[in-house]
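# Architecture and fold: a report
Letter by letter, the chains look like this.
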Amino acid sequence: MKTNLRYLLMGVLTVVTLLTKAQQLPINPGPYKPTDESLKEYKYPDWFRDAKFGIWAHWGPQAVPRQGDWYARGMYEQGSRQNKYHVAHYGPPSKFGYKDIIPLWKAEKWDPEKLMALYKKAGAKYFVSMGSHHDNFFLWKSQLHKWNAFNMGPHKDVVGTWQKAAQKEGLKFGVSEHLGASYTWFQASHRADKTGELAGVPYDGADPQYADLYHTKAAPEDKAWLTTNTDYMKEWYANIKELVDTYHPDLLYSDSGLPFGDVGRSMLANFYNGNYAFHNGSPTAIYNCKQGSDGKWVQDLERGVQGDINPYPWQTDTSIGDWYYQTGQKYKTGTEVIQMLVDIVSKNGNLLINVVQTPEGDLEPDVLKIVEDIAAWMPSNGKGIYGTRPWKIYGEGPSTIKENQKKGQFSGLADTRSYQPGDIRFTTKGNNLYAFCMQMPEGDVQIKSLGKTSAVNDKKIVGVSLLGSKQKLKWKQEDDALIITKPANLPDWTVMAFQVELR
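Below you will find a few notes about this structure. (Residues numbered from 1 in each chain as written. Predicted model: local features only at pLDDT ≥ 70, side-chain atom pairs only at ≥ 80, totals over all residues. Heavy atoms only, no water.)

Side-chain positions along a regular strand alternate between the two faces of the sheet. Of all the six residues making up strand β13 (residues 432-437), six are buried; the element is thus mostly covered by neighbouring parts of the structure. A two-sided burial pattern is seen for β13, the buried positions comprising Asn432, Tyr434 and Phe436 on one face and Leu433, Ala435 and Cys437 on the other. In this sheet, β13 lies alongside strand β12 (residues 424-429) in antiparallel orientation, the contact comprising six bridges. Considered in β13, the bridge of Thr428 is made with Leu433. In sequence, β12 turns back onto β13 through a hairpin of two residues, with Gly430 there showing a positive phi of about 60°. In the sheet, β13 pairs with strand β18 (residues 496-502) via six bridges, with the strands oriented antiparallel. Its bridge partner being in β18, Asn432 is matched across the sheet by Glu501. (Buried < 20%, exposed > 50% of the residue type's maximum accessible area, 1.4 Å probe, protein only. Helix = DSSP H or I, 4+ residues; strand = E, 2+ residues; numbered from the N terminus. Pairing = 2+ DSSP bridges.)

Structure (structure tokens):
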């Protein structure tokens with residue numbers, strides 16, 4: 001009994017110590033405290049719920065070799081595809097490391113204002129800049145960390161420049177931080193080749209003079225996605241605080257669940273409070289992390305979507321291809337992005353998609369076509385996207401049957417999939433219900449959820465029209481379905497949207 005009491009007291013003491021440490025962190029004054037009870041008072045701002053669609057620039061020095069995502073780690077993993085490329089083109093990482101890749105990133109073709117105007121034309125309502133990836137290279141002008149884009153590489157405040165361009169176009173602005181995972185992710189740079197002429201020769205990450213880029217060597221047991229080292233946590237907190245207190249973004253994204261327990265709660269309270277004060281009590285703050293939310297933040301699913309309507313707003317983050325530029329990579333089509341967007345919006349979510357930039361900063365023709373395809377679709381069909389809310393059900397058709405659904409890469413369902421003509425997704429706004437045909441109909445459109453005997457709809461249908469078209473449609477409501485005669489003139493895009501007026 002005494003032993004159990006001792007362990008209980010030790011546990012209480014540990015909790016008190018952690019809380020005390022969190023309370024010692026400098027937090028912007030305001031209504032939020034670093035506790036779950038306080039953070040549950042958070043309210044989702046309407047701008048995010050109405051916006052539905054954002055574009056992300058997942059971009060930085062790792063694009064330089066044109067070898068895709070995670071290059072800064074892969075180059076240190078002997079025998080990997082990226083390591084073989086690195087050795088062949090730059091030399092062994094013990095002699096030419098990631099620190100030597102950074103100066104090669106010049107961003108000489110980057111025209112942020114031109115790109116932002118294009119993204120606005122494509123229908124994006126918010127834009128997110130990479131703040132720092134797991135490579136611990138900051139894209140903002142930092143006073144805490146010399147390895148940043150203002151000091152090196154392009155010698156530009158990338159975050160600040162993106163922000164000005166977004167604000168000029170009237171888009172909300174966000175930043176993504178991937179630093180929490182960098183402490184363990186970048187430990188590969190501390191190793192050495194196991195075989196060959198340079199076996200045992202340490203990579204440049206093991207050189208103490210570069211510890212501010214590659215981090216110090218972690219403890220052998222510190223291998224999880226998020227570190228257990230409290231000193232690393234404090235450093236992370238200071239860096240993220242500098243980022244949000246300097247730029248006051250509308251959105252902050254973490255590439256993890258809420259990091260580091262009470263330290264993460266302090267970060268979130270600091271962000272919410274700073275945003276509250278900056279906007280004079282009318283906050284715009286959105287925080288994305290990969291953890292279920294009971295109202296404290298917006299849950300993010302990487303390369304996945306929810307399987308049904310979620311009561312809380314949520315977000316899918318994905319890319320049209322790999323996260324960083326890769327020569328010869330296969331991209332999603334504009335139609336696949338549109339289908340994904342409609343499916344997500346029908347379930348109360350938002351889509352944040354990375355548009356892959358070259359290392360130089362421009363878009364190649366195949367990527368440009370994807371964005372332009374979305375831009376061609378959005379003016380006619382955005383009425384059924386922006387400002388909408390989920391209906392009673394998200395959709396009908398073969399894709400809603402569980403046996404036909406594929407799991408996502410990390411969670412939820414796969415972000416892209418093949419749709420059939422009978423697949424429908426619903427959104428609603430005011431008295432209008434929007435029914436999206438996810439694939440071009442082969443014959444008359446039948447919407448079973450809108451039949452006279454439907455258990456879902458109890459309102460009268462008074463009108464049906466096709467978004468983007470002035471042609472008068474023929475339709476009738478049977479017991480088992482609303483039947484819309486296939487329009488004589490079909491639009492130039494695959495995903496069609498019908499506006500159904502209900503009274």
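This brings us to the packing of helix α11 (residues 230-247) against helix α12 (residues 262-278). Between α11 and α12, the least distance of the axes is 10 Å, while the angle of their chain directions is 10°. As judged from the angle between their axes, α11 and α12 are roughly parallel. Mapping the contact onto sequence places Met233, Trp236, Tyr237, Ile240, Lys241, Val244 and Asp245 in α11 and Val263, Gly264, Ser266, Met267, Asn270 and Phe271 in α12. Of the residues belonging to the contact of α11 with α12, the class tally is eight nonpolar, three polar and two charged. (Axes fitted to C-alpha atoms, helices over the stretch in contact; angles between N-to-C directions. Parallel < 35°, antiparallel > 145°, perpendicular 65-115°, else oblique. Contact = heavy atoms within 4.5 Å. Nonpolar A, V, L, I, M, F, W, Y, C, P; charged D, E, K, R; others polar.)

Moving on, we get to unusual backbone geometry. You will see that Lys52, though not glycine, has its phi angle at about 70°, which is positive. For Lys52, the location among the structural elements is in the loop between α3 (46-51) and β1 (53-57). In this structure, Arg303 is a non-glycine residue whose phi angle is positive, near 50°. Position of Arg303 relative to the elements: it lies in the loop between β6 (298-302) and β7 (304-305). Assessed through its relative accessible area of 14%, Arg303 is described here as buried.

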